[in-house]
Amino acid sequence: MGNGGCGKTWLARRLGTTLGLPVVHLDDMHWEPGHNGIARDRALRDADVQAAAQADTWIMEGVYGQLVNTVLSRVTSLIWIDLPEEECMANIRQRGMQGEESEQQFQDLLNWVAEYRTRTKNWNSFEAHSKLFVGYSGSKSILTSREEISAYVDKVLRYSAVSQKT
């Protein structure tokens, strides 16, 4: 979990490929397919997330603290990527507009990412992610820089290589 543009999708894909695990993107469950900015029915979204979490193994990524909370009892390792907002915004600018996203939607996303630490009483905020992280008693990591993210991936790669040899 983490702010928009922090690298959740990149990390999840990398770990999924390395470990041979399916990756669940919460954005794909939250938004109507092919319709930027139109949220799906919450009951359908929640049911799909719960169904995905019933699989034996998975990597799930997203900004949606409420959805993370609903599957937390099935999580074996929680990773919170907490990069500075400026870095998240630079990543979003670098990847550019996606799909049929308008210039206004793109600017709204950048503004939303910039407000990560100041949003309150919102599941998709630093406040909520911090509470989820602190309250989770299982294996957890907080990654606060690109260097820490790379080191985490390297550690998983090394562990995976050793596990495959035995």
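Since the structure is predicted, the reported quantities are computational estimates derived from the model, not experimental observations.

### Re the side chain of His 129
Point 1. In this structure, His 129 sits in helix H7 (residues 126-135).
Point 2. Residue classification places His 129 among the buried positions, given a relative accessible area of 0%.
Point 3. Polar side-chain contacts of His 129 include one of 2.8 Å to the backbone oxygen of Val 63.

### Structural notes on the environment of Tyr 159
Point 1. As for its position among the elements, Tyr 159 is in helix H8 (residues 146-165).
Point 2. Under the relative-accessibility criterion, Tyr 159 is labelled exposed at 59%.
Point 3. Sequence-wise, Tyr 159 and Gln 105 are 54 residues apart; in three dimensions their C-alpha atoms are separated by 41 Å.

### Quick word on the pattern of salt bridges
Point 1. Summed over the entire model, instances satisfying the criterion amount to 5 salt bridges.
Point 2. Of the charged contacts in the structure, one is a salt bridge between Asp 46 and Arg 45, with a shortest N-O distance of 2.8 Å.
Point 3. Judged by relative accessible area, Asp 46 falls into the partly exposed class, the value being 28%.
Point 4. Overall, Arg 45 belongs to the buried group, its relative accessible area being 3%.

### Section: the layout of surface pockets
Point 1. Approximately 1,200 Å³ is the volume found for the largest pocket.
Point 2. Along its surface, the largest pocket is lined by 35 residues, and Asp 27, Trp 31, Arg 95, Gln 98 and Leu 109 are the ones closest to its centre.
Point 3. Contributing elements (two or more residues each) for the lining of the largest pocket: helix H1 (8-19), helix H2 (26-30), helix H5 (85-95) and helix H6 (103-114).
Point 4. Per-element accounting of the lining of the largest pocket gives the leading share, 5 residues, to H6.
Point 5. Of the residues contributing to the lining of the largest pocket, the split by class is 9 nonpolar, 16 polar and 10 charged.
Point 6. Of the pockets and cavities examined, the second largest pocket occupies roughly 780 Å³.
Point 7. In terms of lining residues, the second largest pocket is bounded by 30 residues, among which Trp 58, Ile 59, Thr 76, Ser 77 and Ile 79 are the most central.
Point 8. Contributions of two or more residues to the lining of the second largest pocket are made by H1, strand E2 (59-61), helix H4 (65-71), strand E3 (77-81), strand E4 (139-143) and H8.
Point 9. The leading source of residues in the lining of the second largest pocket is H1, at 5 residues.

What counts as what
Residues numbered from 1 in each chain as written. Predicted model: local features only at pLDDT ≥ 70, side-chain atom pairs only at ≥ 80, totals over all residues. Heavy atoms only, no water. Helix = DSSP H or I, 4+ residues; strand = E, 2+ residues; numbered from the N terminus. Buried < 20%, exposed > 50% of the residue type's maximum accessible area, 1.4 Å probe, protein only. Polar contact = N/O pair within 3.5 Å; in protein donor to acceptor, adjacent residues only side chain to side chain. Salt bridge = Lys/Arg side-chain N within 4 Å of Asp/Glu carboxyl O. 1 Å grid on protein atoms, 1.4 Å probe; cavity = no way out; pocket = protein on both sides within 12 Å on 5 of 7 lines; lining within 4 Å. Points joined across faces, edges and corners; volume = space filled by probe spheres on them. Nonpolar A, V, L, I, M, F, W, Y, C, P; charged D, E, K, R; others polar.

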